[in-house]
Protein chains: 2
Amino acid sequence: MPFQLHSQLAADTHYITAVENCQVLLMNDARFPWLVLVPMENDIRELYELSKSAQEQTYRAMLYTAELLAEHTHADKMNVAALGNQVPQLHIHIIARYTKDAAWPGPVWGVGQAEPYRAADAKTKVQELADLLTP
Amino acid sequence: MPFQLHSQLAADTHYITAVENCQVLLMNDARFPWLVLVPMENDIRELYELSKSAQEQTYRAMLYTAELLAEHTHADKMNVAALGNQVPQLHIHIIARYTKDAAWPGPVWGVGQAEPYRAADAKTKVQELADLLTP
């Protein structure tokens, strides 16, 4: 069966590009530079459930996108997390954090309301990140 | 300079064992089965700052401890996260989550007050986890 992105992730994000075995998505919340990586394999909830080669690909994608996003955004800290309490499909958050952002020093999840990008801004941001991240 | 564990991590945890290049610590909060992995290298804040071999060792330690802790605790979900907003030394949280735990479905950080283990319970738990996790 071809890979199917979970409907909640599809609703919450914009597609940017693919890196290694992962879709790279932009979380639709303009408060934070926030990527979501989704290994393109169905019915996986945990990193250790991936095949060994997919584990390695996913890790390379995590390190690659985190470092590039950190440089690009001049972040104070990167947050990298696989939680999946709400959406069971394995996905990894890569978030550029600032000491002055809306959630610092706490994590971003569940803090306030997401501020969706305006359509034109989303398009610009996706293009900018595709240029940055596409291998 | 020999590796030095950040004083805040030392204050918040009990030492369990070492896996790969990481210290494996027990967060002193009996509400959650909660490990913290700390790569034994000074002055590292981000996973991508580690050498390539240390990145790989750390990832193996993450996958290994997450899978064993999940099985051991019959967790509903594992949370794996490198945040570091409060303590700059690179550390990775490996947390066994239950749909009935005190923070579900949110993340555990900043929720309520930690419930420290009683001394005897901490000793028992550390021994149990050392038996489980020591390679």
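Up top is the structure.
Everything numeric here is computed off the predicted structure, so don't read it as measured data. (Residues numbered from 1 in each chain as written. Chains lettered and ligands numbered in written order. Predicted model: local features only at pLDDT ≥ 70, side-chain atom pairs only at ≥ 80, totals over all residues. Heavy atoms only, no water.)

Draft legend 1. Layout of the overall build of chain A. Within chain A, the regular secondary structure consists of three helices and five strands. Tracing chain A from N to C terminus, the helices and strands come up as α-β-β-β-α-β-β-α. For a compact globule of 135 residues, the expected C-alpha radius of gyration is about 14 Å, and chain A comes in at 14 Å, within 12% of that figure. Based on the C-alpha atoms only, the size of chain A along its principal axes is roughly 40 × 30 × 25 Å. Here chain A holds 135 residues, and the buried ones make up 52% of them. Long-range contacts, defined here as pairs at least 24 residues apart, represent 58% of the contacts in chain A between residues at least 6 apart. A total accessible area of about 6300 Å² is found for chain A, and carbon and sulfur atoms account for 51% of it. (Helix = DSSP H or I, 4+ residues; strand = E, 2+ residues; numbered from the N terminus. Rg over C-alpha atoms; globule rule 2.2 N^0.38 Å. Buried < 20%, exposed > 50% of the residue type's maximum accessible area, 1.4 Å probe, protein only. Contact = heavy atoms within 4.5 Å. Areas by Shrake-Rupley, 256 points an atom, 1.4 Å probe, with all protein chains shown as cover.)

Draft legend 2. Focus on the relation of the copies chain B and chain A. Least-squares fitting of chain B to chain A yields an RMSD of 0.0 Å, with the superposition described by an axial translation of 0.0 Å and a rotation of 180°. Here the transformation between the copies is reduced to the relation of a two-fold axis. Looking at the rotation axis and the C-alpha trace of chain B, the residue lying nearest is alanine 81 of chain B, at 2.0 Å. Mapped onto chain A, 100% of the interface residues of chain B again fall at the interface, so both copies present the same surface. (Least-squares fit on C-alpha atoms with pLDDT ≥ 70 in both.)

Draft legend 3. Layout of the packing of helix H2 (residues 52-73) of chain B against helix H3 (residues 119-133) of chain B. Residues and elements named next belong to chain B. Where H2 meets H3, the closest approach of the two axes is 10 Å, and the angle between their N-to-C directions is 120°. With respect to each other, H2 and H3 are oriented oblique. In terms of crossing hand, the pair formed by H2 and H3 is right-handed. Between H2 and H3, the residues in contact are Tyr64, Thr65, Leu68, Leu69 and His72 and Glu128, Leu129, Leu132 and Leu133, respectively. The class makeup of the residues in the contact of H2 with H3 is six nonpolar, two polar and one charged. (Axes fitted to C-alpha atoms, helices over the stretch in contact; angles between N-to-C directions. Parallel < 35°, antiparallel > 145°, perpendicular 65-115°, else oblique. Left-handed = near helix turned anticlockwise from the far one by under 90°. Nonpolar A, V, L, I, M, F, W, Y, C, P; charged D, E, K, R; others polar.)

Draft legend 4. Structural context of H3 of chain B. Residues and elements named next belong to chain B. Here H3 is 15 residues long and its end C-alpha atoms lie 21 Å apart, about the 21 Å a rise of 1.5 Å per residue gives. For H3, the full list of buried residues reads Ala122, Val126, Leu129, Ala130 and Leu133. For H3, the angular spread of buried residues about the axis comes to 105°, placing them on one side. In this structure, H3 carries Ala120, Lys123, Thr124 and Asp131 as exposed residues pointing more than 90 degrees from its buried face. The secondary structure elements touched by the buried residues of H3 are strand S1 (13-19), strand S2 (22-27), strand S3 (34-39) and H2. (Expected span 1.5 Å × (residues − 1). Arc of directions from axis to C-beta.)

Draft legend 5. Expanded view of the interface of chain B and chain A. Each partner contributes residues to the interface: chain B has 29 residues there, and chain A has 29 residues. Summed over both partners, the interface of chain B with chain A buries about 2700 Å², with 57% contributed by carbon and sulfur atoms. If you sort the residues of chain B by the area they bury against chain A, Tyr48, Tyr59 and Asn85 of chain B come out on top, with a joint share of 26%. Where chain B meets chain A, there are two salt bridges. Applying the counting criterion to the chain B and chain A interface returns 22 residue pairs in polar contact (both at pLDDT 80 or more). When residues of the side of chain B that touches chain A are traced back to their parent elements, those giving at least two are H2 and strand S4 (77-82) of chain B. When residues in the side of chain B that touches chain A are grouped by element, the largest group, eight residues, is from H2 of chain B. Partitioned by chemical class, the residues of the side of chain B that touches chain A number 15 nonpolar, seven polar and seven charged. Bridge count between strand S4 (residues 77-82) of chain A and S4 of chain B: three bridges; the pairing is antiparallel. Looking at S4 of chain B, one finds that alanine 81 of chain A is bridged to alanine 81 of chain B. (Buried area = accessible area lost by both parts, 1.4 Å probe. Salt bridge = Lys/Arg side-chain N within 4 Å of Asp/Glu carboxyl O. Polar contact = N/O pair within 3.5 Å; in protein donor to acceptor, adjacent residues only side chain to side chain. Pairing = 2+ DSSP bridges.)

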